[in-house]
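# A closer look at the structure
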Amino acid sequence: MTVTPPIRQTGDLMYPGHVGCPGCGAVIAMKFALQALGEKTMLVIPACCWAIIAGPHPQTALKIPVLHTAFATAGAAASGLRAALDRRGDVETVVTAWAGDGGTFDIGFQSLSGAVERNEDFLYVCYDNEAYMNTGVQRSSATPFGTRTTTTPGKGWKATRKKNIVEVLAAHRIPYAATASIAYPDDMMRKFRTARNLKGGSRFIHVYATCPTGWRVPSDMTIAVARLAVQTNIFPLYEVADGVRYTLNESGDRPVTDYLEAQGRFKHLGEADCSAIQAMVDEDWHLLMRKIDG
Amino acid sequence: MKAVLEGSHAVSEAVRMARVEVVSAYPITPQTHIVEALSEYCADGSMDARFICVESEHSAMAAVIGAASGGVRTFTATSSHGLALMHELLHWASAARLPIVMAEVNRALGPGWNIWMDQTDSLAQRDTGWIQLYVEDGQEVLDTTLQAFRLAEAVNLPVMVVLDAFFLSHTYEPVDVPDQADVDRFLPSLEPRIKLDCDDPCAMSQMAPPGVYMEMRRDIQKGFERVPEAFAAVEGAFADIFNRRYGVMEAVACDDAETILVLTGTAAGTGRQVIDRLRSRGEKVGMVKLKMFRPFPVREIRSVLGAAGKVAVLDRNFSFGASGIFAQEIRAALYNGKAHPPVFGYIAGLGGRDVTVDTLETIYRMTCEQAVPEAESVWVGLNPPN
Ligand SMILES: Cc1ncc(C[n+]2csc(CCOP(=O)(O)OP(=O)(O)O)c2C)c(N)n1
Ligand SMILES: [Mg+2]
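This is a predicted model, so every value here is computed, not measured.

The rules behind the values
Residues numbered from 1 in each chain as written. Chains lettered and ligands numbered in written order. Predicted model: local features only at pLDDT ≥ 70, side-chain atom pairs only at ≥ 80, totals over all residues. Heavy atoms only, no water. Helix = DSSP H or I, 4+ residues; strand = E, 2+ residues; numbered from the N terminus. Rg over C-alpha atoms; globule rule 2.2 N^0.38 Å. Contact = heavy atoms within 4.5 Å. Areas by Shrake-Rupley, 256 points an atom, 1.4 Å probe, with all protein chains shown as cover. Donors = N, O, S within 2.8 Å, 3.2 Å for Na, K, Ca; no water. Buried < 20%, exposed > 50% of the residue type's maximum accessible area, 1.4 Å probe, protein only. Buried area = accessible area lost by both parts, 1.4 Å probe. Salt bridge = Lys/Arg side-chain N within 4 Å of Asp/Glu carboxyl O. Polar contact = N/O pair within 3.5 Å; in protein donor to acceptor, adjacent residues only side chain to side chain. Phe/Tyr/Trp six-rings, centres within 6.5 Å; stacked < 30°, edge-to-face > 60°. Near = heavy atom within 4 Å. Nonpolar A, V, L, I, M, F, W, Y, C, P; charged D, E, K, R; others polar. Pairing = 2+ DSSP bridges.

Right, let's talk about the overall build of chain B for a bit. Looking only at helices and strands, chain B has 13 helices and 16 strands in total. Relative to the globule expectation of 21 Å for 386 residues, the C-alpha radius of gyration of chain B, 21 Å, shows essentially globular dimensions. For chain B, long-range pairs separated by at least 24 residues make up 81% of all intrachain contacts whose partners lie at least 6 apart in sequence. In the form shown here, chain B has an accessible surface area of approximately 15,300 Å², with 52% of it arising from carbon and sulfur atoms.

We now examine the coordination of the magnesium ion (ligand 2). Residues and elements named next belong to chain A. For the magnesium ion (ligand 2), the full set of protein donor atoms is Asp-101 (OD), Asn-129 (OD1) and Ala-131 (O), and the range of their distances to it is 1.9 to 2.1 Å. All donors of the magnesium ion (ligand 2) belong to a single chain; written as a sequence motif, their spacing is D-x27-N-x1-A. Here the residue Asp-101 occupies a position in helix H4 (residues 101-106), and Asn-129 occupies one in the loop between strand E4 (123-128) and helix H6 (165-171), the gap between them amounting to 28 residues. Across the pair, exposure class does not vary: Asp-101 and Asn-129 are buried alike.

Of the residues making up helix H9 (residues 222-231) of chain A, those classed as buried are Thr-222, Val-225, Ala-226, Leu-228, Ala-229 and Val-230 of chain A. Following H9 of chain A by one or two positions, Asn-233 of chain A adopts a phi angle in the positive range, close to 65°.

Time to look at the interface of chain A and chain B. Each partner contributes residues to the interface: chain A has 38 residues there, and chain B has 38 residues. At the boundary of chain A with chain B, total buried surface from both sides reaches about 2,900 Å², with 62% on carbon and sulfur atoms. If you sort the residues of chain A by the area they bury against chain B, His-57, Arg-87 and Arg-88 of chain A come out on top, with a joint share of 22%. Between chain A and chain B we count 4 salt bridges in total. Scanning the region where chain A abuts chain B turns up 13 residue pairs in polar contact (both at pLDDT 80 or more).

Residues and elements named next belong to chain B. Going through the model one piece at a time under the given rule, you end up with 17 aromatic pairs over all chains. Look at Phe-186 and Phe-242: their rings are 6.3 Å apart centre to centre, the planes differ by 75°, and that puts the pair in the edge-to-face class. Remark: Phe-242 occurs in helix H9 (residues 227-242) and Phe-186 occurs in helix H7 (residues 180-186); sequence separation between them is 56 residues. No difference in accessibility class separates Phe-186 from Phe-242, as the two residues are buried.

Ligand 1 sits among 17 residues. The nearest are Gly-102, Gly-103, Tyr-127, Met-133 and Asn-134 of chain A. More than one chain lines the surroundings of ligand 1; the residues nearby belong to chains A and B. In the environment of ligand 1, an oxygen atom lies 3.0 Å from a nitrogen or oxygen atom belonging to the backbone of Cys-49 of chain A. Considering ligand 1 on its own, with 590 Å² of exposed area, one finds that the protein chains cover 76% of that surface. A per-element tally of the shell around ligand 1 places H4 of chain A first, with 3 residues. Across the shell around ligand 1, the residue classes tally to 9 nonpolar, 6 polar and 2 charged.

It is worth spelling out the pairing of strand E8 (residues 245-250) of chain A at this point. Residues and elements named next belong to chain A. With 5 bridges joining them, strand E7 (residues 237-241) and E8 adopt antiparallel strand pairing. Each residue of the ladder has a partner; that of Val-240, found in E8, is Tyr-246. The turn linking E7 back onto E8 is made up of 3 residues, and Asp-242 within it adopts a positive phi angle of 55°.

This paragraph deals with the sheet that holds strand E2 (residues 66-68) of chain A. Read from one edge to the other, the open sheet built from 9 strands follows the order E8(A)-E7(A)-E5(A)-E6(A)-E4(A)-E3(A)-E1(A)-E2(A)-E9(B), with strand pairing classed as mixed. Strand pairing shows two members of the sheet lacking a second neighbour, E8 of chain A together with strand E9 (203-204) of chain B, which therefore form its edges. Bridge count for strand E1 (residues 41-45) of chain A against E2 of chain A is 3 bridges, and the pairing is parallel. The residue bridging Ile-45 of chain A from the neighbouring strand is His-68 of chain A, located in E2 of chain A.

Looking now at the environment of Phe-167 of chain B. Residues and elements named next belong to chain B. Within the secondary structure, Phe-167 sits in the loop between strand E7 (159-164) and strand E8 (172-176). A residue is classified by how much of its surface remains accessible, and Phe-167, at 29% relative accessible area, is partly exposed. Between the alpha carbons of Phe-167 and Cys-368 there is a distance of 28 Å; along the sequence they are 201 residues apart.

What follows concerns the pairing of E1 of chain A. All names here are of chain A. Within E1, 5 of the 5 residues are buried, which leaves the element mostly enclosed by the surrounding structure. Residues Thr-41, Leu-43 and Ile-45 point to one face of E1 and Met-42 and Val-44 to the other, with burial holding for every one of them. Both E1 and strand E3 (residues 94-100) contribute to a ladder of 4 bridges, which runs parallel. In the strand pairing of E3, Met-42 is matched with Val-95.

Shape descriptors only; they carry no functional weight alone.
Okay, structure coming up:
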């Protein structure tokens, strides 16, 4: 029998206080990430919920250095910081950009693409809560089909797909790209350790991070919803080495309705909409399987 | 050692001798020669630095912000649309108190596309918290770039060295290139007052609520208030070694001048000729070459211009719905002073149009002939409508 070791609660690199909402998935993501990355880590955080969660001057919720930066700049600012550390002869510290989906899929996309095309020696983490949460739940290009947000309200719910960011990053042929979920902490921390040790090039981890406030789910459902995303294959957990070698870590076979029905943001969807979503998920899954088999 | 250098290469030479460690830039005419030379230096090892080839100017400034936060000496260069694209991060760099140095080549903004000389790009950034220094010739380009690092690091504020497109960036002049040993004496390696460090963790540029924001802004202003003294000290140290000094502004033949022309950049070089010619005809005319625009040298402006009968300001820039920007600032500086001579504002030389000896003589003549200035800036050298 294999025993999964319990998650270490010691050596936490977050202070007990922060200003995230109750049940914030992005806070849980940070906690796990830092446990795996360790204290020789510097964070670069653009505008996003985490720019607030980390605390206002003169306080900080984190025990490691943090460079807050403008919304569109995580990739570039992290490149510059990496260059400075290289000049200082510090090769141990891992520069980690920590951005939301808006700062990654949308406004920060250009600087991220530029940085990973240069194969900058850093880890870029996107914690994905599938909308601009900090500004009040507006849609991003990470918002999935069918979602109501404050800019896709009522009958105008989002009728286009979510951008597949991991595929886009893999297409840059970076050494490492992976998805991770706060509902699978061992898998997630293993990936962060892998990324930490893979120095010399760009590593990208796409972390699924439930937002109870924006998704209209109870705050005690954060992990359950995150797990359902994996179990329905809406967010399968996998890794891509060098943009071509795919490994599947976690998936499932539950219907998407199990996931959709748990969240207020999808409440308006009818049976036909749910079937359409199931078809999209199936299609994406087959595409992924082709890569994993090949 | 005397060398014939292109203005752009006077910048790159200074940056190399300043032992900058991280350069990040994105190409735009007429800044390209600066960054091409720096790329070459980094590639051939004559400069021990990392050149980050980013995908935009926005990222160029973000990258040097990241690098400067890591505690190393940084440099970037841009022009016109590139500077406009950086705007958000110009604010960021100064409020983060990072001693970044940037060469900015004055170029017009489109549409229509125009790659030539115009000052509106840099002057439109006047409220971003950057020290701005306008230079006249190749030697001043090199000297000011070197000084900019020491000044920036003394006050923890970013510095923009501003040079005219083509008239300066692409013009070859003899330049005295200092010895590296002397430069090292003038500019020791950077000892950052604050930097990101895992052994002493801190958060930089984090959220600043109403209870702290105002004091932070006030601190930046206090930094600016220290600039005149710091600049004088930098110039003194520079003069001790290199025997050259420029001042925040230079008064030429102003002592008994009835009319003073205020000029910037390469127009000041033309102005020197004009002053000689007019003086030889007995005209009581002087010239102020304005070098420092931020912080604005109010004290010096009042003491020199206050004594004049009339002031004529050349603006190679324009603020729509207002007037030339240097003229606005000079009027504002004089207003609460003891003496306030009338300030005549002239717009000339936009988008690369030449400002010749004739242009400046015309401006002088128009100023002499009129008792009081027009409400609006007067546009000089416009082509007749066809
Ligand atoms: C240039 C710019 N545009 C807009 C904003 C406003 N803004 C701040 S955070 C944010 C949304 C962030 O969304 P995301 O990256 O998904 O992170 P989240 O807030 O969801 O954690 C926006 C639009 C900004 N700070 N800067
Ligand atoms: Mg988001």
